[in-house]
Amino acid sequence: MVEHHHVEEIAQVLDGHPSGRDSYVDASWRRCVELYGMDPTRSDPAHIVTDAEFRAHREQADWMIGAARSGLQSLFRQVAGQNYVLLLTDAKGVCVDFFGDDLFLDELRRAGLYLGSNWSEELAGTCGVGACIVTGEPVTVHQDDHFGNAHTLLSCTSAPIFDSLGQLAAVLDISLLRSPSPKSSQNLAMSLVTAAARRVEMANLMAASRREWVLRFSSSPEFLDVDPEAAVSLDGSGRVIGATRAATQMLSRGDSLIGRRIDTLLGLSVDDLPDLMRDRPTEERVVALGDGGAVFGHAIAPQAPRRSQTNQGSTSRHARGGVLSALAGSDPTMGRLLAQAERLAPTHVPLLICGESGSGKTKLARAIHMASRRGGFVSVDCAGAQPEDLRQALAAQSGPGTLLLRHIEDLPTDTARVLAGLLDAHPDLRPISTSATEPSDLVSQERLPATLYFRLSGSVLDIPPLRERQDLGWLLERLLRRHCGGEMRLTPSARAELLAREWPGNLRELGNVLDVACALAESTVIDLPDLPDVTETRDKEQDLEAILDACDWNMARAARRLGVNRSTVLRRIRKQALRAPD
Ligand SMILES: Nc1ncnc2c1ncn2[C@@H]1O[C@H](COP(=O)(O)OP(=O)(O)OP(=O)(O)O)[C@@H](O)[C@H]1O
């Protein structure tokens, strides 16, 4: 009798009379007849895939099963003793994971509430999983909402799980073999299953974003850190590269967020993210939404170096892009310089890298060598280098390679003559020189013989000083990880102070300041008082003579005390015309 009524009701919907049920039920009934050619009078049993098919589906969904496991387990504990069964299906509707009571296993299997059953709408008719896959929304398909007569005792509540790019990845379903007749009896099941799906998406995004910034949101400050509602992951330039479904709905009413810049979606830029980290009181971490509303935000810094975003792929061009692009964030001058360096790297053109002390000339030279894939690497500090030092350095070198000549401006005249001869003897050796002196001054001030200068400066690369770079925030994070490990973080005020400094000692000074700050910080958070004073750094410059005296004019010791290298000390001694006491 009930079955007859069910078939009639479906026929009425097909005639255009709404059933009064949820609209997704009517729509699904119509699809079953009009699209899949199903017959409501038939009573087809559950559709179970073959063992081989099941293995293939499970293998493909392996990552999702892993990500969802603990969410499923805790959901199952929440509904323990209420005869619910939990199914995780893949995006095609095949059940790949299952939690249910062993007592009812046979019955559950017969009903298709078990591993390997296929709940796609075109096979199973109107059902929770099938309707969820088609609509992309959470649904409850209760008792005779089901199309097929075989399933009209079941109550199935299903929520979609999307991957971080917004593709449907799985469906989480909570079902009962027998249930009370009002559909509203399943409202709690609906809340539980949607919350569990949201947490699985969150866990998934977090697992995939260890190398990226993640920004999590909650409308209530109490839950921001423990159970946020939504999250996005961002690349170094602040573009969204992953989002949970809730974030898509919260920030762009369901339109994809992928590729959009965070400052076009929210009242903040990527540089503001550190202000939203956990060390700041939750109530202060307010983020303005585009529609005028506001939520609370929690930013999580990358836990490992970010992947290179250029040249994805494993070609040698990628390797070059990787090593060079890792030297800068989004600073336009550095961007141009690195693009130029990338093109020059594989050539034999002698390079002269100019820039202030500590600005990263040596680092760039090494990166160019690595990108060139050109055999051996020989490095010589030219400050005070004797001809014999050069000969020794090159004694074992044969074949292609790079000769790094650091502080070329301090090369003594005798050694300069020998260098020219050594370059003749090693035609495969490509010289890369570094200089803190302007290229024009190298010749005009007779720091280098003109012939040698032209021989060494096939192309000149100018590194900007740190105070002129626009990627200081990026560098701060990078050096913080390198100098202090992944754990350490800066309070917003410490960060603001570092961003405001002039950095006359450039990246070397920044590294030294972070070393001191890490040593002084009492926890994993670096605060304002942990930062060495600017005047301490300046004093170092001014008190060179006093420090040299204190170190018995031992250059290496003085260099360590000052946080610079030996040749810089030599240069400063010359500049200040200091003389060691007799
Ligand atoms: N892009 C970078 N990212 C992170 N650290 C960097 C970068 N460039 C340089 N550094 C660090 O800054 C410090 C100074 O760099 P480097 O020795 O290359 O400077 P330099 O210009 O050659 O200095 P100098 O002229 O005094 O010899 C080093 O500790 C280096 O590791």
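Residues numbered from 1 in each chain as written. Predicted model: local features only at pLDDT ≥ 70, side-chain atom pairs only at ≥ 80, totals over all residues.

Student: I'm lost on unusual backbone geometry in this one. Help?
Tutor: Glycine aside, a negative phi is what most residues show, and trans is what most peptide bonds show. Unusually for a residue other than glycine, Trp 503 sits at a positive phi of about 55 degrees. Following the sequence through the fold, Trp 503 ends up in the loop between α20 (492-500) and α21 (506-520). A residue is classified by how many C-beta atoms lie within 10 Å of it, and Trp 503, with 23 of them, is buried. Residue Asn 506 is not a glycine yet carries a positive backbone phi of 60 degrees. Inspection of the secondary structure puts Asn 506 in helix α21. (Helix = DSSP H or I, 4+ residues; strand = E, 2+ residues; numbered from the N terminus. Buried ≥ 20, exposed ≤ 12 C-beta atoms within 10 Å, placed from the backbone.)

Student: Quick question: what am I supposed to make of the sheet that holds strand β14 (residues 429-435) here?
Tutor: Across a sheet, paired strands are connected by hydrogen bonds in the backbone, their directions being either parallel or antiparallel. Across the sheet, 5 strands lie side by side as β12-β13-β14-β11-β15; this open sheet has parallel pairing. For this open sheet the edge positions go to β12 (376-381) and β15 (459-462), each flanked by a neighbour on one side alone. The average angle at which neighbouring strand axes cross in this sheet is 20 degrees, direction not considered. Here 6 bridges tie β12 to strand β13 (residues 401-406), and the two strands are oriented parallel to one another. The residue bridging Phe 377 from the neighbouring strand is Thr 402, located in β13. (Pairing = 2+ DSSP bridges. Axes fitted to C-alpha atoms, helices over the stretch in contact; angles between N-to-C directions.)

Student: What should I look at first to understand the site of the ligand in this one?
Tutor: Around the ligand lies a shell of 19 residues, among which Ser 357, Gly 360, Lys 361, Thr 362 and Leu 507 are the nearest. Of all the elements in the fold, those that place two or more residues in the shell around the ligand are α14 (361-372), α19 (472-484) and α21. Grouping the constituent residues of the shell around the ligand by class yields 4 nonpolar, 10 polar and 5 charged. Looking at the shell around the ligand, you find at least three residues from each of domain 3 (316-464) and domain 4 (467-532). (Near = placed C-beta within 6 Å. Nonpolar A, V, L, I, M, F, W, Y, C, P; charged D, E, K, R; others polar. Domains from an automatic or database assignment.)

Student: Just checking my understanding: could you explain the nonpolar core for this structure?
Tutor: Note that soluble globular proteins tend to have their nonpolar side chains buried in a common cluster. Grouped together as the largest cluster of nonpolar side chains are 50 residues, with contacts concentrated most on Ile 161, Ala 170, Leu 172 and Val 193. If sequence neighbours within four positions are ignored, Ile 161 has contacts with Ala 169, Ala 170, Val 171, Leu 172, Ala 197, Val 200 and Glu 201. One finds Ala 328, Leu 390, Leu 394 and Leu 405 within the second-largest nonpolar core, a separate group that totals 39 residues. (Core = buried A, V, L, I, M, F, W, Y, C linked by C-beta atoms within 7 Å. Contact = placed C-beta atoms within 7 Å.)

Student: Honestly, the pairing of strand β8 (residues 240-243) in this entry has me stumped. Any pointers?
Tutor: As paired strands, strand β7 (residues 230-234) and β8 are joined by 3 bridges and run antiparallel to one another. For Ser 233, the partnering residue across the bridge sits in β8 and is Gly 242. The loop that links β7 with its antiparallel partner β8 comprises 5 residues; one of these, Gly 238, has a positive phi angle of about 85 degrees.

Student: Where do I start with the environment of Thr 194 in this structure?
Tutor: Along the chain, Thr 194 falls in helix α8 (residues 187-208). What makes Thr 194 partly exposed here is the crowd of 18 C-beta atoms within 10 Å. In sequence terms Thr 194 and Asp 173 are 21 residues apart; their C-alpha atoms lie 9.5 Å from each other. Excluding anything up to four places from it in sequence, Thr 194 contacts Pro 138 and Ala 159.

Student: For this particular structure, what's the right way to read the environment of Gly 128?
Tutor: With respect to the secondary-structure elements, Gly 128 resides in helix α7 (residues 128-135). By C-beta crowding, Gly 128 is classed as buried, having 31 other C-beta atoms within 10 Å. Spatially, the C-alpha atoms of Gly 128 and Val 171 are 9.3 Å apart, while their sequence positions differ by 43 residues. In contact with Gly 128, not counting residues within four places along its chain, are Val 139, Thr 140, Val 141, Cys 156, Thr 157, Ser 158, Asp 173 and Ser 175.

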